[in-house]
Amino acid sequence: MFTLNDNYLKLPGSYLFSTIGRKVREYREANPGTEVISLGIGDVTQPLAPAIIKRLHEAVDEMAKPETFKGYAPDLGYEFLRNTIADQDYKARGVEIAPDEIFVSDGAKSDSANIQEIFSQNSRIAVCDPVYPVYVDSNVMAGRTGTYDAATGLWSDVIYMPCREENGFAPELPKETPDIIYLCFPNNPTGATIKKEELQKWVDYANQKGAVIIYDAAYEAYISEDDVPHTIYECEGARTCAIEIRSFSKNAGFTGTRLGFTVVPKDLKDVNGVALHGLWARRHGTKFNGAPYIIQAAGEAVYSPEGKAQTREQIAYYMNNAKVILDGLANAGYQVSGGVNAPYIWLKTPDGMSSWDFFDHLLQQANVVGTPGAGFGPSGEGYFRLTAFGTYENTVKAVERIKKL
Ligand code: MLT
């Protein structure tokens, strides 16, 4: 008789956004005709930009002709896309990343969940608290996190780096030494960022300790302030200690079409001098058959002059929503942060309400869905996340409803 992987059985509850989805579905079923506005999961609402749609159509037509038909994509990504990324995301910022250090994938979620596979079982991970749940859950699945304490919401073998109001929602260098450090800036869920000199400290620390940083830069397109790094490779020494994960979901609306990439520099080596690059290529080649040609072609169109102008407009649209939420809730007396370099607004729940109580309150009284901070980790308790990815009309309406509570 078969048995299951014990590690999976340790996972508490269901995945955060699945839990929210279920609760909202149940509420809708119980209250038919009620208009519920979702500012919960960070899913975009603007359609794909015209330049992207045009390239998608062309690429579909190419698939219809024998001379341009494409079968399996190269498992590490088409050269045309890897060259464009190397040029425009890195070289244009004065950073040298070779095209073959870029691994194209179906998105940042899978990459950030899968990358831990190439590290040894006994690696100690450090995460921000609150944190995008995928980093911890994927390490639970790998059996790396020890035991779970339901009372505190903490795993015994994970190093937590609390990010709270007192430290400006920025993690501090941990006292215990980790092997793998997860950082995400602009941050999901708090919307906080750190300046380049702060990130440099993390790079220096990782190099000194022989740790690796897994840097999730999925929200870099939302950076509006100077001095906030767009890539960790802007920091000196990052090539020997950092992996960077990027997404097309938030900067270009690919949440439904799926596209992302991970950078693994060839200089990044473990304690025995083994390069991670070859290992990740081996893993990718074995477990992934390449993102679809038509999607990679559309991804290249994001970098065309029209694509850049159109996606910039969409980002401005979402950031205007962020301002509507920030200003509206601040005027209503809420304590709010984020929303300046990120499409997430992090607010303190009123009257010391728990995050999940506030979730229920908002859903039932205002018919607005957000994400409870506690779902991202114990330090998220007492906080709540709203996304700027809604439509402008719904965002305005949601803020008005919240103000009336
Ligand atoms: C979020 O809402 O945190 C993200 O959109 C989820 C994701 O990107 O997987």
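Structural notes, computed from the coordinates. Predicted, not measured: the structure shown is a model, and the values here were computed from it.

## Regarding the pattern of salt bridges
Two side chains bearing opposite charge may form a pair once their charged atoms approach each other closely. Evaluated as defined, the whole model comprises 21 salt bridges. Across the pair Lys-266 and Asp-100 runs a salt bridge whose closest N-O atoms are separated by 2.7 Å. With Lys-266 in the loop between strand 10 (260-263) and helix 9 (276-287) and Asp-100 in the loop between helix 4 (79-90) and strand 2 (102-105), this pair connects stretches of sequence that are 166 residues apart. The class for Asp-100 is partly exposed, based on a relative accessible area of 35%. A cluster of three or more residues bridged by salt bridges with shared partners is formed by Lys-54, Arg-55, Glu-58 and Glu-62.

## Side note on helix 9
Since one α-helical turn is 3.6 residues long, residues separated by three or four positions face the same way. With 12 residues, helix 9 should cover 16 Å at 1.5 Å per step; its first-to-last C-alpha distance of 16 Å lies within 8% of that length. All of the buried residues in helix 9 are Leu-276, His-277, Trp-280, Arg-283 and His-284. In an axial view of helix 9, the angular spread of the buried residues amounts to 130°, which keeps them on one side of the axis. Residues of helix 9 that are exposed and point more than 90 degrees away from the buried face comprise Arg-282 and Thr-286. Considering only its buried residues, helix 9 is in contact with strand 2, helix 5 (108-114), strand 8 (212-216), strand 9 (242-247) and strand 10.

## Looking at a negative patch on the surface
On the surface, a cluster of negative charge is contributed by Glu-197, Glu-225, Asp-226 and Asp-227. Look at Glu-197 and you get exposed, because its relative accessible area is 60%.

## Concerning the site of the ligand
The environment of the ligand is made up of Phe-17, Ile-41, Gly-42, Lys-109, Tyr-132, Asn-188, Tyr-219, Lys-250, Tyr-344 and Arg-385. Measuring from an oxygen atom of the ligand, one finds a side-chain N or O atom of Asn-188 at 2.9 Å. Note that an oxygen atom of the ligand is positioned 2.7 Å from one of the side-chain N or O atoms of Arg-385. Look at the ligand: alone it shows 270 Å² of surface, and the protein chains cover 86% of it. Residues of the shell around the ligand, tallied by class, amount to 5 nonpolar, 2 polar and 3 charged. Each of two domains, domain 1 (6-47 + 306-403) and domain 2 (53-304), supplies a minimum of three residues to the shell around the ligand.

## Description of the packing of aromatic side chains
Taken as a whole, this structure holds 24 aromatic pairs when the rule is applied. Aromatic rings pair up to connect Tyr-15, Phe-17, Phe-169, Trp-346, Phe-376 and Tyr-383 into one cluster. For the cation-ring pair, Lys-70 lies above Tyr-293, with the distance from its terminal atom to the ring centre recorded as 4.4 Å. Between Arg-385 and the ring centre of Tyr-344, over which it is positioned, the NZ or CZ distance is 3.9 Å.

## Focus on the nonpolar core
In terms of nonpolar packing, the biggest core is built from 91 residues, with Leu-183, Ile-213, Ile-232, Tyr-233, Phe-248 and Phe-254 touching the most fellow members. For this core, the element with the most residues is helix 11 (residues 305-331), which contributes 7 residues. Split by domain, this core shows at least three residues from each of two domains, domain 1 (6-47 + 306-403) and domain 2 (53-304). With residues up to four places along the chain from it excluded, the contact list for Phe-254 reads Leu-48, Ile-52, Phe-248, Ser-249, Leu-259, Ile-295, Ala-298, Gly-299 and Val-302. Counting 29 residues, the second largest nonpolar core, distinct from the first, contains Ala-108, Tyr-160, Ile-243 and Leu-268.

## Re the sheet that holds strand 15 (residues 383-387)
Pairing is antiparallel in the open sheet, where 4 strands are placed in the order 11-12-15-14. Of all the strands in the sheet, the pair left with one neighbour each is strand 11 (336-338) and strand 14 (371-372). Bridge count between strand 12 (residues 344-348) and strand 15: 5 bridges; the pairing is antiparallel. What sits directly across from Trp-346, in strand 15, is Arg-385. Contacting strand 12, strand 14 and strand 15, helix 12 (residues 355-366) runs over the sheet at an angle of about 45° to strand 15.

Rules and cut-offs
Every chain is numbered independently, its residues counted from 1 as its sequence is written. Only residues with pLDDT of at least 70 are given local features in this predicted model, and only at 80 or more are side-chain atom pairs given and counted; all residues enter the totals for whole chains, interfaces and linings. Computation of side-chain values: all heavy atoms of the structure, hydrogens and water removed. Criterion for a salt bridge: a side-chain nitrogen of Lys or Arg within 4 Å of a carboxyl oxygen of Asp or Glu. Only DSSP runs of H or I reaching four residues or more are called helices, and only runs of E reaching two or more are called strands; each is numbered from the N terminus. Using a 1.4 Å probe on the protein chains alone, a residue whose accessible area is under 20% of its type maximum counts as buried, one over 50% counts as exposed, and one in between counts as partly exposed. A helix is expected to span 1.5 Å multiplied by its residue count minus one. Arc definition: directions from the helix axis to the C-beta atoms. Any two residues whose heavy atoms approach within 4.5 Å at even a single point are treated as in contact. The patches reported here contain residues having more than 30% relative accessible area and no salt bridge. Joining distances are 9 Å for like charges and 5 Å for nonpolar side chains (Val, Leu, Ile, Met, Phe, Trp, Tyr). All accessibility values rest on the Shrake-Rupley procedure with a 1.4 Å probe; residue burial counts only the protein chains present in the view. Here the positive residues are Lys and Arg and the negative ones are Asp and Glu; neither His nor the chain ends is included. Charge placement uses NZ in Lys and CZ in Arg. For Asp and Glu, CG and CD serve respectively. Proximity criterion: a residue is near a molecule or strand once any of its heavy atoms comes within 4 Å of it. By the criterion applied in these results, polar contacts are pairs of N or O atoms within 3.5 Å in which, for protein atoms, one can donate a hydrogen and the other can accept it, and in which residues neighboring in sequence qualify only through two side-chain atoms. All amino acids are sorted into three groups, where Ala, Val, Leu, Ile, Met, Phe, Trp, Tyr, Cys and Pro are nonpolar, Asp, Glu, Lys and Arg are charged, and the leftover types, Gly among them, are polar. By convention here, the domain bounds are inherited from an automatic or database domain assignment. Stacked, tilted and edge-to-face are the three classes applied to pairs of Phe, Tyr and Trp rings, where Trp contributes its six-membered ring and a pair requires centres within 6.5 Å; stacked means planes under 30 degrees apart, edge-to-face means over 60, and tilted covers the rest. Criterion for a charge above a ring: Lys NZ or Arg CZ within 6 Å of the ring centre, and within 35 degrees of the ring normal. Residues grouped as a nonpolar core are buried Ala, Val, Leu, Ile, Met, Phe, Trp, Tyr and Cys residues, joined through side-chain atoms within 4.5 Å. At least two DSSP bridges between two strands are needed for those strands to be called paired. To obtain each axis, a line is fitted to C-alpha atoms, and for helices this fit is confined to the stretch in contact; angles are then taken between N-to-C directions over 0 to 180 degrees.

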